[in-house]
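Examining the three-dimensional arrangement
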Amino acid sequence: MSTASTVADYIGHNRNLGKRFVAEAAILSAFSRAVGSVPLCSIRSGVISQFVHREGTSAETIAKKHRVLASFFRYSVTRGRLKTSKESSTVWPPK
C-alpha cells in the first residue's frame, strides 16, 4: 500500500467523522511528499525523525507533527496496512 493513498484514506476518514482536519492534513500531505512514492511499510524511523525535526521547527510544531504521525500510523496498523507503528520508535519528547 502506498503512503500517499493511505494518507488520503486517513484524511478522508477523519473528515467523514466531521473533523475539519486542516492542519493535520497539511502535515500529512507534507510528510507524504517528503517520503515520496514509497510503500508505507518501507518508511524507516530515521525518515520520520528527519521530517519532524527539520531545522528551524519550533518545539510546538514538532510535538504536533509527532501527534499527527502517531495517530496516522495507529490508523494504518488498525487497518492492517502495517504490523506495528513506525512512529512509536522515534523518541519524544527529546532527552
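Here, the structure is the one placed above.
Below: a short report on this structure. These figures come from a predicted structure and were not determined experimentally.

Cut-offs applied
Residues numbered from 1 in each chain as written. Predicted model: local features only at pLDDT ≥ 70, side-chain atom pairs only at ≥ 80, totals over all residues. Heavy atoms only, no water. Helix = DSSP H or I, 4+ residues; strand = E, 2+ residues; numbered from the N terminus. Rg over C-alpha atoms; globule rule 2.2 N^0.38 Å. Buried < 20%, exposed > 50% of the residue type's maximum accessible area, 1.4 Å probe, protein only. Contact = heavy atoms within 4.5 Å. Areas by Shrake-Rupley, 256 points an atom, 1.4 Å probe, with all protein chains shown as cover. Phe/Tyr/Trp six-rings, centres within 6.5 Å; stacked < 30°, edge-to-face > 60°. Lys NZ or Arg CZ within 6 Å of the ring centre and 35° of its normal. Axes fitted to C-alpha atoms, helices over the stretch in contact; angles between N-to-C directions. Nonpolar A, V, L, I, M, F, W, Y, C, P; charged D, E, K, R; others polar. Parallel < 35°, antiparallel > 145°, perpendicular 65-115°, else oblique.

**Topic: the overall build of the protein chain**
The secondary structure content of the protein chain amounts to four helices and zero strands. Each helix (α) and strand (β) of the protein chain, taken in turn from the N terminus, gives the series α-α-α-α. The globule rule puts the C-alpha radius of gyration for 95 residues at 12 Å, and the 13 Å found for the protein chain is close to it. Each of the three principal axes of the protein chain carries a C-alpha extent, and together these read 35 × 30 × 20 Å. Residue burial in the protein chain is summarised as follows: out of 95 residues, 36% are buried. At a minimum sequence separation of 6, the contacts of the protein chain that also span at least 24 residues come to 60%. Element-wise, carbon and sulfur atoms account for 53% of the exposed surface of the protein chain, whose accessible area totals about 5,700 Å².

**With respect to the packing of aromatic side chains**
Counted according to the given criterion, the structure contains six aromatic pairs. Centre to centre, the rings of phenylalanine 31 and phenylalanine 51 are 5.3 Å apart; their planes meet at 70 degrees, and the pair counts as edge-to-face. Of this pair, phenylalanine 31 sits in helix α2 (residues 22-35) while phenylalanine 51 sits in helix α3 (residues 45-52), and the two are 20 residues apart along the sequence. Judged by relative accessible area, phenylalanine 51 falls into the buried class, the value being 4%. Ring pairs connect the aromatic residues Tyr10, Phe21, Phe31, Phe51, Phe72, Phe73 and Tyr75, which therefore count as one cluster. When the ring centre of phenylalanine 51 is taken as reference, the NZ or CZ atom of lysine 65 above it lies at 4.5 Å.

**Looking at the packing of α3 against helix α4 (residues 59-78)**
It is at 10 Å that the axes of α3 and α4 come closest, and there the two elements cross at 145 degrees. Of the residues in α4, those touching α3 at Ile48, Phe51 and Val52 are Ile62, Lys65, His66, Leu69 and Phe73. Of the residues belonging to the contact of α3 with α4, the class tally is six nonpolar, one polar and one charged.

**Topic: the packing of helix α1 (residues 3-16) against α2**
Between α1 and α2, the shortest axis-to-axis distance is 9 Å and the interhelical angle comes to 175 degrees. With respect to α2, the axis of α1 lies roughly antiparallel. Contact residues: Thr3, Ala4, Val7, Tyr10, Ile11 and Arg15 in α1; Val22, Ala25, Leu28, Ser29, Phe31, Ser32 and Val35 in α2. Within the contact of α1 with α2, the residues separate by chemical class into nine nonpolar, three polar and one charged.

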